[in-house]
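# Observations on the model geometry
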Amino acid sequence: MNVLPLVLYAVAGVAYAFHFAGRQPQAGRTATTLLLFAAFAHTFVIGMQTMEAGHVPFANPSRAISTFVWLLTLSYLYLELTTDERAMGVFILPIVIGLQTIPVIYPGLEARDEVLDSPWFWVHVSSLLFAYASFALASVLGLTYMLQFKEIKKKHLGYLYTRLPSLQTLDVMNSRAVAVGWLFLTLGVIVGVIWTAQARVAAPDDPNLQAMVLNDPKVFGAVLTWGVYSFAMFARRTLGWSGRRAAWLSAIGFAIVLLNFVPINYFVTTSHTFN
Amino acid sequence: MHLFLLGVSHRTAPLDLRERLDFSSRDLGAAVEALATRPSTAESVVLSTCNRSELYVASGEPARAREELVAFLSDYHKLPREAFLPHLFVFDDAGAARHLFRVAAGLDSLVVGEPQILGQVKDAFQTAAERHCTGPMLTRVFHWAFGVGKRVRTETALGEGAVSVSFAAVALARKIFGRLDGRRVLVVGAGEISALTAQHLRSQGVAEIVITSRTHAHAEALAAQVGGRAVPWDELRRTLGRADIVVTATGSQRPIVTRHDVEAVTRRRTDPLFIIDIAVPRDVDPEVGEIEQAFLYNIDDLQGIVQENLSRRGAEIARAEAIVDEELARFTAWQRSRGAIPTVVSLRQRFDAIRRAELERLDTKLSGLPPDARARVDEVTRLIVEKLLLEPTEQLKALPDEETQVAYTEAVNRLFRLREEEGRQAAPEQAEKAPADRHRD
């Protein structure tokens, strides 16, 4: 079922690349339209899976990735439609397409662990996925900032210079994306802690719940992520770390998020595995 | 009706002649109205910029229009015609349309692709339209030209990239700061380029322009010119701390802004600092460029950008010319299709006359039918005639060139005896000309 959105994402990705290279407004509008179609198809897929499982599909890692991709696309579309800046699409779409191939290759079944039948869990996971989607956007904005910065600093005003938005625009958008992401990350972690405590009382023998301690790689990764973004927020407001430093921080932060999301989920962690 | 164009431009005439033939400094509207009263000009538009003075008219007699336009130029500017005749260019029909399309696209400009010309063409047309000096011919060709200008601007990079040092500096500032409103500018040294740059920055809505110069009077003069504030020379260090954009252009033999000065400033600010050093020898120590937050551009860097942009524009010219060719082909095809209209109209009238005559002849036989059946007979015969004429009409409008059109029109006229039966139909072109004529009366 995840194939159709993937194909549409790929087509939209090609259109964004076309728009980036040729800078024709018509190509840009086509790219946005295609991405809207892809998001619509993906919404349909998520909706079907929600009806099937009785909750938004994210207990299984593959499905969680699919939901993450969906949220990332929606956040990006929001950013694009509010700022009318399409240049970032060419950087976002590869992430979208790359991640969306995972649920296509490993569809996975949505587990119906009864531990998960809690509104806390729902808030926990959706907050975190939305936070990660914001961080993904922030990292792409940071990356484009660094590229643009380099072009202007080197005094070689070439291919990227004419296509990327201004440094100030990129920095402001990055700052907003990090702030929104940090807010939801904090909410997600707090809700997760509360929910684990409650679930432990209800099911004291669940090995999954017992593994949710700070030295579990997945939990540690989340806390580390929170630390990096908290520092980024703090540094921007008090030490004046904007621009290039903020861009670096959001790139590092998202690298940790990705590590935590994909390899740790599949190979290392003992917690957060519900199937 | 023919399109006719006569004028001078930077390609054909030296500056002093262009100045003497300029309309823009005097009342352009009056000039258009004066031109429209000539007997051979049904419609007229005067396009006058510092690089060109061009008269566009729609005329039934181009040869006579030429004479009248030359006389008009000579009278209006009080110049003997010998003074400008060798510098005139003259185009008619497709040639005139091509010239207008190229002008609107910025292809004929002194700086190829400069953005103002399209607006100037629009203004010229607007001025004429407001005085009812335009008609169907010029309205069509000018609107087509606006479309060509827009297409070239959106589909090619002909107008992209700054091609003057001061614009290049402003473009860079916009890439660094985004919108410039709320930004503070410090100008050190009052020279010509710094004045231009300050003016461009002012038009981008910067919050403040502070000017300082060793000679305070110069700073005050420039401040008055660009709407800034002059401060004494010894406050340079202090004002540097408040600026986002610094323009230096003094005649100093040694750098006046050192790495130490800038570091003291950047340590306290989070935003980048953009320094434009257009002085020769340089006013800003090149080491300043190594500070992470400082973007330092000197005159050579800016001129390099300008050169690069110019050569990039050059590469876009062929694409823009292709658009002009394509649009010109479409425009002339449209014009030819209009040429077929009188024939098409008389053909339709002829067929309809036959239809009515036959229905009248059958009137007694049809009188027995109920009214709705009679209405249906009328409807059916009308539809048959329309169906029969549909294909020939399309074919006549889509003929590839004028010669074929003349031959086909002649053939149709003869095959259906259009002229003998109906007499000459009033051509729509003449009918449409009426408003312009009326105005002239």
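Placed above this text is the structure.
In short, a report on the structure. Worth saying up front: this structure is predicted, and the values here are computed from it rather than measured. (Residues numbered from 1 in each chain as written. Chains lettered and ligands numbered in written order. Predicted model: local features only at pLDDT ≥ 70, side-chain atom pairs only at ≥ 80, totals over all residues.)

Bringing the overall build of chain B into the picture now. Counting its secondary structure elements, chain B contains 19 helices and 10 strands. For chain B, the residues scored as buried account for 36% of the 441 residues in total. Relative to all contacts within chain B whose residues are 6 or more apart in sequence, the contacts with residues 24 or more apart total 72%. (Helix = DSSP H or I, 4+ residues; strand = E, 2+ residues; numbered from the N terminus. Buried ≥ 20, exposed ≤ 12 C-beta atoms within 10 Å, placed from the backbone. Contact = placed C-beta atoms within 7 Å.)

The secondary structure content of chain A amounts to 11 helices and zero strands. Secondary structure elements of chain A occur, N-terminal to C-terminal, as α-α-α-α-α-α-α-α-α-α-α. Expressed as a percentage of its 275 residues, the buried residues of chain A come to 45%. A fraction of 81% describes how many contacts in chain A between residues 6 or more apart in sequence connect residues 24 or more apart.

Our next topic: the interface of chain B and chain A. In many analyses, interface size is given as the accessible surface area lost on bringing the parts together. Opposite the 15 residues of chain B that make contact, chain A presents 15 residues. Listing elements by their share of the side of chain B that touches chain A, those giving two or more residues are helix 7 (136-155), helix 8 (165-177), strand 10 (294-298) and helix 13 (299-339) of chain B. No other element matches helix 8 of chain B, which puts five residues into the side of chain B that touches chain A.

Residues and elements named next belong to chain B. Burial runs high along strand 1 (residues 2-9): seven of the eight residues are buried. By the bridge criterion, eight bridges tie strand 1 to strand 3 (residues 52-59) in an arrangement that is antiparallel. Residue pairing across strands places Val8 opposite Ser53, the latter belonging to strand 3. With four bridges connecting them, strand 1 and strand 4 (residues 89-92) associate as antiparallel partners. Looking at the pairing, Phe4 lines up with Asp92 of strand 4. (Pairing = 2+ DSSP bridges.)

What follows concerns the sheet that holds strand 10 of chain B. All names here are of chain B. Overall, parallel pairing links the six strands, which are arranged 7-6-5-8-9-10 in an open sheet. Each edge of the open sheet carries a strand with a single partner, namely strand 7 (229-230) and strand 10. Note that strand 9 (residues 273-277) and strand 10 share five bridges and pair parallel. Across the sheet, Ile275 pairs through a bridge with Leu296, a residue of strand 10. On top of the sheet, helix 8 reaches strand 8 (245-248), strand 9 and strand 10; it is set at about 170° to strand 9, its chief contact. (Axes fitted to C-alpha atoms, helices over the stretch in contact; angles between N-to-C directions.)

Residues and elements named next belong to chain B. Axis separation between helix 8 and helix 9 (residues 192-203) bottoms out at 9 Å; the angle between their running directions is 40°. Taken as axis vectors, helix 8 and helix 9 run oblique relative to one another. Helix 9 is crossed by helix 8, and the crossing has right-handed handedness. Across the interface between the two elements, Val165, Ser166, Phe167, Ala169, Val170 and Ala173 of helix 8 pack against Ile193, Leu196, Thr197, His200 and Leu201 of helix 9. Along the lines of polarity and charge, the residues of the contact of helix 8 with helix 9 split into eight nonpolar, three polar and no charged. (Parallel < 35°, antiparallel > 145°, perpendicular 65-115°, else oblique. Left-handed = near helix turned anticlockwise from the far one by under 90°. Nonpolar A, V, L, I, M, F, W, Y, C, P; charged D, E, K, R; others polar.)

Here the focus is the environment of Arg417 of chain B. Relative to the assigned elements, Arg417 of chain B resides in the loop between helix 17 (402-415) and helix 18 (418-422). Sequence separation of Arg417 of chain B and Arg350 of chain B is 67 residues, and the distance between their C-alpha atoms is 9.0 Å.

On to the packing of helix 2 (residues 25-53) of chain A against helix 3 (residues 61-83) of chain A. Residues and elements named next belong to chain A. The geometry of helix 2 relative to helix 3 is characterised by a closest axis approach of 10 Å and an angle of 145° between their N-to-C directions. Classified by chirality, the crossing of helix 3 by helix 2 is left-handed. Residue-level contacts link Thr32, Leu35, Leu36, Ala38, Ala39, His42, Thr43, Ile46 and Gln49 of helix 2 to Arg63, Thr67, Trp70, Thr73, Leu74, Leu77 and Glu80 of helix 3. Counted by class, the contact of helix 2 with helix 3 contains eight nonpolar, six polar and two charged residues.

This part is about helix 1 (residues 3-22) of chain A. Residues and elements named next belong to chain A. The terminal C-alpha atoms of helix 1, which comprises 20 residues, lie 29 Å apart, in line with the 28 Å expected from a rise of 1.5 Å per residue. Every buried residue of helix 1 is accounted for by Pro5, Leu6, Leu8, Tyr9, Ala12, Gly13, Ala15, Tyr16, His19 and Phe20. On its buried face, helix 1 is in contact with helix 2, helix 4 (89-105) and helix 6 (159-163). Just past helix 1, the residue Arg23 takes up positive phi, approximately 55°. (Expected span 1.5 Å × (residues − 1).)

Another point: the sheet that holds strand 2 (residues 43-49) of chain B. Residue and element names in this part refer to chain B. With respect to topology, four strands assemble into an open sheet ordered 2-3-1-4, the strand pairing being antiparallel. Taken across any chain shown, the strands that pair with only one partner, and hence form the sheet edges, are strand 2 and strand 4. This sheet shows a mean twist of 15° between the axes of neighbouring strands, independent of strand direction. Sitting on the sheet, helix 2 (residues 28-36) touches strand 2 and strand 3, and the angle it makes with strand 2 is about 145°.

So, on to the nonpolar core. Phe68, Leu129 and Tyr132 of chain A together with Ala173, Val185, Val247 and Ile275 of chain B are the most contacted members of the largest nonpolar core, which has 117 residues in total. Residues within four places of Leu129 of chain A in sequence aside, it is in contact with Phe58, Ala64, Thr67, Phe68 and Leu71 of chain A. Ranked by size, the runner-up nonpolar core spans 52 residues in total, among them Met1, Phe4, Leu69 and Val152 of chain B. (Core = buried A, V, L, I, M, F, W, Y, C linked by C-beta atoms within 7 Å.)

Here we come to the environment of Val191 of chain A. All names here are of chain A. For Val191, the location among the structural elements is in helix 7 (residues 167-202). A sequence separation of 69 residues divides Val191 from Trp122, and the C-alpha atoms of the two residues are 9.6 Å apart. Setting aside residues no more than four positions away along its own chain, Val191 makes contact with Trp120, Val123, His124 and Ser127.

Moving on, we come to unusual backbone geometry. Of note, the bond from Val280 of chain B into Pro281 of chain B is cis; its omega dihedral lies within 30 degrees of zero at -5°. As for its position among the elements, Pro281 of chain B is in the loop between strand 9 and strand 10. Phi at Asp84 of chain A takes a positive value of approximately 60°, unusual for a residue other than glycine. Summarising the element assignment, Asp84 of chain A is placed in the loop between helix 3 and helix 4. Positive phi values are uncommon outside glycine, yet His132 of chain B reaches one of about 55°. Along the polypeptide, His132 of chain B turns up in the loop between helix 6 (116-130) and helix 7.

Interpretation in functional terms is not warranted from these geometric data alone.
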